[in-house]
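This is what each chain is made of:
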Amino acid sequence: MRAPRAADRGHSGAAGIAPNRAGPPRHWLIASAVLLAVGGLDACRASGQPAAFRAVWIAPDTIRVDGWLRDSSRVRFVEVGDGDDASLRIAFGHDRTGLFIAASVRDERVVRVPRAGLVHDGVHVVLVRPRSEGAEGAGPPQTALRLWLLPGIPGRVPSEALLGDVNGHAARPVGGARLVEGPRADGTGYELEAHVPFSALGIEDLEGLHATIGLRDVDVEARPVVERELWITRPDPSRPQSLPRLWVEGGRMHRLRDLLRSRGIDVEEPDRRLRADLTGDGRAEEVYLADRIVAVPRGGAEDAFHYFELPVASGADVRSIEATDLTGDGASELVVVIRQHGRGGSRELWQVLGLSADGLRPRWTVETGRQLPTGERFGAIVRVRRQTTGPPLLDVQAVVDGPRPRVGSQPAVEPGIEPMPLPWGPVIARTYRWNGQRFAPVAERRASATEPHAPAPVQAERTSDAPPSAEPFSVDRMLETFRRQLPVAASEPARWARRANVAVDSTPEHLLVVGRFLLVLGPAFRGGTG
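Since the structure is predicted, the reported quantities are computational estimates derived from the model, not experimental observations.

A. Inspection of the overall build of the protein chain at higher detail. Counting its secondary structure elements, the protein chain contains four helices and 28 strands. For the protein chain, the residues scored as buried account for 50% of the 530 residues in total. Considering only contacts in the protein chain between residues 6 or more positions apart, those separated by 24 or more positions represent 54%. Roughly 25200 Å² of accessible area belongs to the protein chain as shown, and the carbon and sulfur atoms make up 48% of that amount.

Rendered as structure tokens:
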């Protein structure tokens, strides 16, 4: 790989961010390529934690695959094994279109066969992406593949890149891969340089990937048998997080860090990531939540983002983020639950963000909770009801969270925020639906009468100012109380029972899931009211 004299062109920044024009020096192979986490590979192994690799950004027209592997002393490689037989030095890089790999293999006898197969000398790179954080339920990784880089037979069979599953099955040639092979300087082994398109790997970029590196050594050509197989971490597709993390330097992450720093946020990696089709074109966008910023790459550009700054003090006030279609057009919206603090206590908001030509903007916000300085709480829940056709219905229903606070009939909210229904108010539930322009109310449930198309009846709740009963705390009794308050079937089982200390005391609480609700029950949690 040789760096031609073309200057690094750089990329224009997004949202007023100045472009970063610091390009790599000439004759710079994969920009120092893979760097291990602090302490190096040996330290990671000693601690029992997998190493972390860094794939460095390669600016356009600065690196070519042309067999100049040994021309630069700047390259830093990851070592796999040691000695003159069956050991490997490897480096990674990436550009907008694909993955760069440079490998130097020490092997006293290289077995080359006309038809490459599983039992064959070669370098193995496994890439695994766990399921997105917003995905529902457990399941296999979102991406799990193995890439073979195999030496060829001089003058007869070229070197080859194959792609298959993690277990080494269904190997097939990689379309569009560029691969150059040459001998090592001391004559033992071989060197490989490759550029593999992301499209051939079935991925859009390297973000969120875990990786590991392996080497197979076969010494007998007539009856090839694997003599030795080395891995930094042996791949296990059922445990993708057990593989070393592939940290991606430059490119999109570099520009995202620039965006965050321009907003006063200095973090290396997003707090949460998910993939969702936000435009309805059938292709999933990457969504990053970093502190209080939600960012989406703009049109696939590495240096431009649509972003929205959530109205919170810090990322600690972002309770959750998920993607779901609330407008019925096939494009997902982002639902973010946030908590705000002020002199009057705190409140919780359920906010819907949508992506359009104008960028990432709020489409609907409803208040779903209040906590007063006295510790008294009241709130509402939002339930999404899918319809056979058209947008879903959004039911906002009041819930009781302890005794009725001594407050007015309806706390004030700013324009643009829907007020929550109150258990003691005239309206105890509202239903909204997207009408093509906004989420408009279509029905409501009043405490005194049921409208023709109102949501399902709400169980009457105690609104007395009297303190709760002094009965001894009982998980079964509290669970029965919440079954009456929450919209779940009486037969819905309690699952995922755990004990954890979430209150400020020495007694662990009971954590249970009933339907889609997480319950925290304990005598020291909210005075034993759940």
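B. Molecular detail of the sheet that holds strand S20 (residues 345–356). Read across the sheet, eight strands follow the order S18-S19-S20-S21-S22-S23-S24-S25 without closing on themselves; strand pairing throughout is antiparallel. Edge positions in the open sheet fall to strand S18 (318–324) and strand S25 (439–446), since each of these has one partner strand only. Taking each pair of neighbouring strands and ignoring which way they run, the sheet shows an average axis angle of 25°. For S20 and strand S21 (residues 359–371), the ladder comprises eleven bridges, and the chain directions are antiparallel. For Arg347, the partnering residue across the bridge sits in S21 and is Arg370.

C. Quick look at the nonpolar core. Core analysis: the biggest nonpolar cluster contains 36 residues, and Leu88, Ile90, Phe92, Val123 and Leu206 have the highest contact counts within it. Val123 has contacts with Leu88, Ile90, Ala103, Val105, Leu147, Trp148, Leu149, Tyr190, Gly214 and Leu215, leaving out every residue within four places of it along the chain. Ala276, Val296, Val318 and Val336 belong to the second largest nonpolar core, which has 20 residues in total.

D. How the structure looks around the sheet that holds strand S16 (residues 293–297). Spatially, the four strands line up as an open sheet ordered S14-S15-S16-S17, and their pairing is antiparallel. Two strands lie at the open edges of the sheet, namely strand S14 (272–276) and strand S17 (305–309), each paired on one side alone. Averaged over all adjacent pairs, the angle separating strand axes in this sheet is 20°, with direction ignored. Pairing between S16 and S17: five bridges, direction antiparallel. Paired with Val296 across the strands is His306, a residue of S17.

E. Here's a closer look at the pattern of salt bridges. In this structure the tally under the stated criterion is 18 salt bridges. With a shortest N-O distance of 3.2 Å, Arg319 and Glu348 are connected by a salt bridge. Of this pair, Arg319 sits in strand S18 while Glu348 sits in strand S20, and the two are 29 residues apart along the sequence. The closest approach of N and O atoms between Arg363 and Glu333, which form a salt bridge, is 3.0 Å. Here Glu333 lies in strand S19 (residues 333–342) and Arg363 lies in strand S21, a separation of 30 residues in the sequence. Its relative accessible area of 1% is what places Glu333 among the buried residues. Taken together, the shared-partner salt bridges connect Arg263, Asp291, Arg292 and Glu309 into one network.

F. Summary view of unusual backbone geometry. Positive phi, close to 55°, is recorded for Asp291, a residue that is not glycine. Along the polypeptide, Asp291 turns up in the loop between strand S15 (285–290) and S16.

G. Structural view of the confidence of the model for the protein chain. For the protein chain, mean pLDDT is 75; residues scoring 70 or higher make up 69% of the total. Across the protein chain, element-level confidence peaks in S19 with a mean pLDDT of 95 and bottoms out in helix H1 (residues 40–47) with 37. Within the model, pLDDT remains below 50 along residues 2–50, and this stretch shows 117 contacts once partners closer than five positions in the same chain are excluded. Low pLDDT, under 50, characterises residues 70–74; the predicted model gives this stretch eight contacts beyond four residues in sequence or across chains.

H. Molecular detail of helix H3 (residues 251–262). Relative to the 16 Å expected for twelve residues at 1.5 Å per residue, H3 spans 17 Å between its end C-alpha atoms, a close match to the ideal helical length. In this structure, the buried side of H3 is in contact with strand S1 (53–57), strand S13 (246–248), S14, S15, S16 and S17. Of the residues flanking the end of H3, it is Gly264, one or two places downstream, whose phi is positive at about 80°.

I. Examining the environment of His306 more closely. Along the polypeptide, His306 turns up in strand S17. Through-space distance from the C-alpha of His306 to that of Gly359 is 5.5 Å; in sequence the pair is 53 residues apart. Setting aside its immediate chain neighbours within four residues, His306 contacts Val294, Ala295, Val296, Pro297, Arg298, Leu355, Gly359 and Leu360.

J. Spatial organisation of the packing of aromatic side chains. Inspection of every chain in the model, using the stated rule, returns four aromatic pairs. Their ring planes at 80° and their centres at 6.0 Å tell us that Trp350 and Trp364 sit as a pair that is edge-to-face. Here Trp364 lies in strand S21 and Trp350 lies in strand S20, a separation of 14 residues in the sequence. When sorted by exposure, Trp350 lands in the same class as Trp364, which is buried.

K. Representation of the side chain of His210 in the model. By the secondary structure assignment, His210 is in strand S11 (residues 210–218). Setting aside chain neighbours within four positions, we find His210 in contact with Val126, Leu127, Val128, Pro130, Pro240, Gln241, Leu243, Pro244, Arg245 and Leu246.

L. Layout of the pairing of strand S27 (residues 509–514). Among the six residues in S27, five count as buried, and that is most of the element. If you look at the hairpin formed by S27 and strand S28 (residues 517–521), you'll find two residues sitting between the two strands, and Gly515 has a positive phi there, around 65°.

M. Representation of the environment of Leu88 within the structure. Here Leu88 shows up in strand S3 (residues 87–94). When the C-alpha atoms of Leu88 and Val78 are compared, they prove to be 8.0 Å apart, with ten residues separating the residues in sequence. Residues in contact with Leu88, not counting those within four places in the same chain, are Val78, Glu79, Val80, Ala103, Ser104, Val105, Arg106, Val123, Ile213, Gly214 and Leu215.

Basis of the calculations
- Residues numbered from 1 in each chain as written.
- Predicted model: local features only at pLDDT ≥ 70, side-chain atom pairs only at ≥ 80, totals over all residues.
- Heavy atoms only, no water.
- Helix = DSSP H or I, 4+ residues; strand = E, 2+ residues; numbered from the N terminus.
- Buried < 20%, exposed > 50% of the residue type's maximum accessible area, 1.4 Å probe, protein only.
- Contact = heavy atoms within 4.5 Å.
- Areas by Shrake-Rupley, 256 points an atom, 1.4 Å probe, with all protein chains shown as cover.
- Pairing = 2+ DSSP bridges.
- Axes fitted to C-alpha atoms, helices over the stretch in contact; angles between N-to-C directions.
- Core = buried A, V, L, I, M, F, W, Y, C linked by side-chain atoms within 4.5 Å.
- Salt bridge = Lys/Arg side-chain N within 4 Å of Asp/Glu carboxyl O.
- pLDDT = per-residue confidence, 0-100.
- Expected span 1.5 Å × (residues − 1).
- Phe/Tyr/Trp six-rings, centres within 6.5 Å; stacked < 30°, edge-to-face > 60°.

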